[in-house]
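Next come the chains, spelled out residue by residue.
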Amino acid sequence: MAATSIAVDSESTTNTPNYSNFDWHDHWYPVGWMRDLPVNTITKITLFDVDYCVVNRGEQDPLALEDKCPHRLAALSEGRLTAQGYVQCAYHGWSFDATGACKSVPQRPNGAQQSTMLCATACPCRVEQGLLWLFPGADAENAKLPPRVQEMDDPAFKWSTAVRDLPIDYSILIENILDPDHGLFAHQAAPFDLYTASRDAPQTVTLAETSPGFFSLSSAVAATPKLAATKEKTAKDTTLVGSALNITGALTGISTFRPPCTIATGRRDADGETKFQACFWIAPVGVGRTRFMSAAVGRLPFSVPRWLQHVSLNNFLDQDTHLLATQQPYVLAAEYKAATGGEPMVRRKIYKYSSPTERLLVEVGKFMDAAVPKTPNRYAEPLRLLMQCPDRSTTLDRYSQHTQICPDSRGAVRNAKALRFVAWAAAATIAVGRVARLGSVARAAVSPAALGLAALGYSAHAFVGEFSFKYVSAKRDRDLRGIPKVFADERLDE
C-alpha cells in the first residue's frame, strides 16, 4: 500500500495525526544480530519484560519459545539443544520443537504428544538483514514484515553492526537518538550540526502512513552548519566549518523513525541518494531497559573491523548514557503519577521545548504519550517506574552491557589478553637475560626489543580496558573541555 504523507505542524491542533491506532502487538521486534547468537546454543533474550529462549540453528530457521517449561515453569534457557534439534529443559528433561510441541517426557514414554497441555509457548521469529525478529502478537502470518533499510540490500554498501544493552527506557532512548541538538555538547561532535535546525534552515516534519498504526515520522533540514558555523559569524569561518564537515553540494539531513523500533539517519542529495546511513534498532526489553542495535552503512571498499567500531561506539554511548540515566527517574515518576492518577501523561508539560530542531521531538512525544501506556506489561508492576539513578559504574558497565553478549568483542579481548601475556613475558625474559649478561639493571632497561614488547603489551592491556567500565567522571570532564571547539563559550552572552 502506498504511503499517505502529510506535513506535521507541532503547533497545530487541527492537523494532528491519530497515534491511538498504534498497537504494539501488530509489529515485529528485533532482539539481536544473528552473528551474536551462537549456533545450536540456547540464548535468553527479553522483550516487554517477558523472557524468551532463542536458538540460531544455522542453515535452518531460528526458533523462539517463551522461557518457561510448562511442566514446573523452570527456564528453558538453562537447558540444551538435543541431537534432534529440540529444546530440552534441564530440570526434568522435557523436550520441545520449534512449534512448542512437547516431543519427549522421559518419565512418560510415548505419551508426550497425546496432550497439547504439555506444549511450550512458541513465538514466531524470522531473520531480516542479519537481525533476529520476534512477533509477540497473535497473527504473525498476516502481519506486515519488518521494515528494511534499502542501502543494506545494495551490494555497493558495506555495514558493520553493534549491540549494547542499556539501562535506559525505550521512550527516552528513542527521543535521544532523534535529538541532534545534544551532539555538540554531550558528544562534542560538529557533524551533528548538519541535522540541527535554525530560523533560516527550519526543520520539516512529515508523517507517512501506510495503514492505521503503521507510519513513519521524518525530519528534513538543510545539511549545512548552523550553530557550529557561526562561532565568529563570518563567511570565512562558515567555509572552514563546512570544509571540516566534508559538505559538498546541496544535501538534506534526514532522520526517519519507523515505530516501534527502526531509525535511520543520513544526508541525501536531490535524487535521494546517500553515501552513509547510521541505522538503529531499539528493542523495548522492559521498563527502564532497552537493547540498542546499530549498523554503520556506507559506500566503502571494505567493512570496518567490528571490534574497532565497538571501541569507538562504546566511548560514544558512554558520553550521554549516564545523562539519560539521570533524566530517567523524573520521566518515569511523571508517568507513574499519570498512570496511578488516571490522567494522561503529556510530555510537553514536563519538557520545556525551545529549539527549532525539536519539532520532530514534539511529534515523537505525542506518539509516546499515546503509545507508551499501552506497552505490554508496562504497568504489571507500576512501582518499577519509581527507580533511582544508579552510579556511573552501573549505567556505563560495558562488560555486562556489551562484551558478554558480543562474541566478536569477547574474542578480541581474549586475543588481546594473550598478546599482553606473551609480550610482557618476552620483554621480561629479554630484560632478565640482559641483566645477567651486563650485570646492570639500568643498562638492561634500554633494550629496544624489551621496550618495544613492553609497549606492545601495554597497548594490548589498554585495548582490554575498552571493554569494561572506563568512563569515570575525570574522563567525562576531559571530554567536556572539547565543547568550546564546536560552540565557543563567548557565544553564551550573545
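Residues numbered from 1 in each chain as written. Predicted model: local features only at pLDDT ≥ 70, side-chain atom pairs only at ≥ 80, totals over all residues. Heavy atoms only, no water.

## Focus on the sheet that holds strand S8 (residues 95-96)
So, point 1. Judged by pairing direction, the sheet is antiparallel, and its four strands sit side by side in the order S6-S7-S8-S9 without closing on themselves. Since the sheet does not close on itself, it has two edges, and those belong to strand S6 (80-81) and strand S9 (102-104), each with one partner.
So, point 2. Bridge analysis of strand S7 (residues 87-88) against S8 gives two bridges, and the strand direction is antiparallel. What sits directly across from Val87, in S8, is Phe96. (Pairing = 2+ DSSP bridges. Helix = DSSP H or I, 4+ residues; strand = E, 2+ residues; numbered from the N terminus.)

## Some details on the packing of aromatic side chains
So, point 1. A full pass over the atoms with the stated rule returns 18 aromatic pairs.
So, point 2. With a centroid separation of 5.0 Å and an interplanar angle of 90°, the aromatic rings of Phe22 and Trp24 are classed as edge-to-face. Comparing Phe22 with Trp24 shows no difference in burial state: the two are buried.
So, point 3. An angle of 80° between the planes, with centres 5.0 Å apart, marks the rings of Tyr29 and Phe48 as edge-to-face. With Tyr29 in strand S2 (residues 29-33) and Phe48 in the loop between strand S3 (42-47) and strand S4 (50-55), the pair connects residues that are 19 residues apart, well separated along the chain. Phe48 shares its class with Tyr29; the two are buried.
So, point 4. Taken together, Tyr19, Phe22, Trp24, Tyr29, Phe48, Tyr170, Phe215, Phe257 and Phe367 form an aromatic cluster joined through their ring pairs. (Phe/Tyr/Trp six-rings, centres within 6.5 Å; stacked < 30°, edge-to-face > 60°. Buried < 20%, exposed > 50% of the residue type's maximum accessible area, 1.4 Å probe, protein only.)

## With respect to the side chain of Asn56
So, point 1. Within the fold, Asn56 resides in the loop between S4 and strand S5 (63-66).
So, point 2. Look at Asn56 and you get buried, because its relative accessible area is 8%.
So, point 3. A distance of 3.3 Å separates the side chain of Asn56 from the backbone oxygen of Met34, its partner in a polar contact.
So, point 4. Within the structure, the side chain of Asn56 is placed 3.0 Å from the backbone nitrogen of Gly58, a separation counted as a polar contact.
So, point 5. Once you skip the residues sitting within four places of it in the chain, Asn56 turns out to touch Met34, Leu37, Pro38, Val39, Asn40 and Thr41. (Polar contact = N/O pair within 3.5 Å; in protein donor to acceptor, adjacent residues only side chain to side chain. Contact = heavy atoms within 4.5 Å.)

## Here's the deal with the layout of surface pockets
So, point 1. Its boundaries defined by the atoms lining it, the second largest pocket holds a volume of some 720 Å³.
So, point 2. For the second largest pocket, the lining is made up of 34 residues, of which Pro147, Arg148, Ser216, Thr256 and Arg258 are closest to its centre.
So, point 3. Counting residues per element, the ones that place at least two in the lining of the second largest pocket are strand S13 (204-211), strand S14 (214-222), strand S15 (252-258) and strand S16 (262-268).
So, point 4. A total of six residues in the lining of the second largest pocket trace back to one element, the largest contributor, which is S14. (1 Å grid on protein atoms, 1.4 Å probe; cavity = no way out; pocket = protein on both sides within 12 Å on 5 of 7 lines; lining within 4 Å. Points joined across faces, edges and corners; volume = space filled by probe spheres on them.)

## Some points on the packing of helix H1 (residues 170-177) against helix H6 (residues 359-371)
So, point 1. Running from amino to carboxyl end, H1 crosses H6 at an angle of 165°, the nearest separation of the two axes being 10 Å. With respect to H6, the element H1 is oriented roughly antiparallel. Pair H1 / H6 crosses with right-handed handedness. Facing H1, whose interface residues are Tyr170, Ser171, Ile174 and Glu175, H6 presents Leu361, Val364, Gly365, Phe367 and Met368.
So, point 2. Taken together, the residues that form the contact of H1 with H6 break down as six nonpolar, two polar and one charged. (Axes fitted to C-alpha atoms, helices over the stretch in contact; angles between N-to-C directions. Parallel < 35°, antiparallel > 145°, perpendicular 65-115°, else oblique. Left-handed = near helix turned anticlockwise from the far one by under 90°. Nonpolar A, V, L, I, M, F, W, Y, C, P; charged D, E, K, R; others polar.)

## Some details on empty space enclosed by the protein
So, point 1. Across all of its chains, the model carries two cavities of 30 Å³ or more by this definition.
So, point 2. Quantified by volume, the largest cavity comes out at close to 90 Å³.
So, point 3. Together, 13 residues line the largest cavity, and Phe48, Gly286, Val287, Thr375 and Arg378 are the ones closest to its centre.
So, point 4. In the lining of the largest cavity, the residues fall into seven nonpolar, three polar and three charged.
So, point 5. Approximately 30 Å³ is the volume found for the second largest cavity.
So, point 6. Around the second largest cavity, the lining residues are Ala162, Val163, Arg164, Phe292, His310, Leu313, Asn314, Leu317 and His402.

## Concerning the pattern of salt bridges
Oppositely charged side chains may form a pair once their charged atoms are brought near each other.
So, point 1. Counted by the stated rule, this structure contains 23 salt bridges.
So, point 2. Arg306 is the salt-bridge partner of Asp408, the closest N and O atoms lying 2.7 Å from each other. With Asp408 in helix H9 (residues 407-438) and Arg306 in helix H4 (residues 306-341), this residue pair connects regions lying 102 residues apart in the sequence.
So, point 3. For Asp408, a relative accessible area of 28% translates into the label partly exposed.
So, point 4. Given the relative accessible area of 7%, Arg306 is considered buried.
So, point 5. The partner of Lys366 in a salt bridge is Glu363, with the nearest N and O atoms 3.6 Å apart. (Salt bridge = Lys/Arg side-chain N within 4 Å of Asp/Glu carboxyl O.)

## With respect to the packing of H1 against H4
So, point 1. Between H1 and H4, the shortest axis-to-axis distance is 10 Å and the interhelical angle comes to 130°. By the angle between their directions, the pair H1 and H4 is classed as oblique. Crossing angle aside, the handedness with which H1 passes H4 is right-handed. Contact with H1, carried on its side by Ile172, Leu173 and Asn176, involves Asp320, Leu324, Gln327, Gln328 and Val331 of H4 and no other residues of that element.
So, point 2. For the contact of H1 with H4, a count of residues per class yields four nonpolar, three polar and one charged.

## Some details on a nonpolar patch on the surface
So, point 1. A cluster of nonpolar side chains, contributed by Leu300, Val304, Trp307 and Leu308, occupies part of the molecular surface with about 330 Å² of accessible area.
So, point 2. Here Leu308 lies in helix H4. (Patch = residues over 30% accessible without salt bridge, like charges linked within 9 Å, V, L, I, M, F, W, Y side chains within 5 Å. Areas by Shrake-Rupley, 256 points an atom, 1.4 Å probe, with all protein chains shown as cover.)

## Quick notes on the sheet that holds S5
Note on sheets: strands pair through backbone hydrogen bonds, and any given pair is parallel or antiparallel.
So, point 1. Read across the sheet, three strands follow the order S3-S4-S5 without closing on themselves; strand pairing throughout is antiparallel. Edge positions in the sheet fall to S3 and S5, since each of these pairs with one other strand and no more. Averaged over all neighbouring strand pairs, the angle between strand axes comes to 30°, with direction disregarded.
So, point 2. Bridge analysis of S4 against S5 gives four bridges, and the strand direction is antiparallel. By the bridge assignment, Val55 is partnered in S5 with Leu63.

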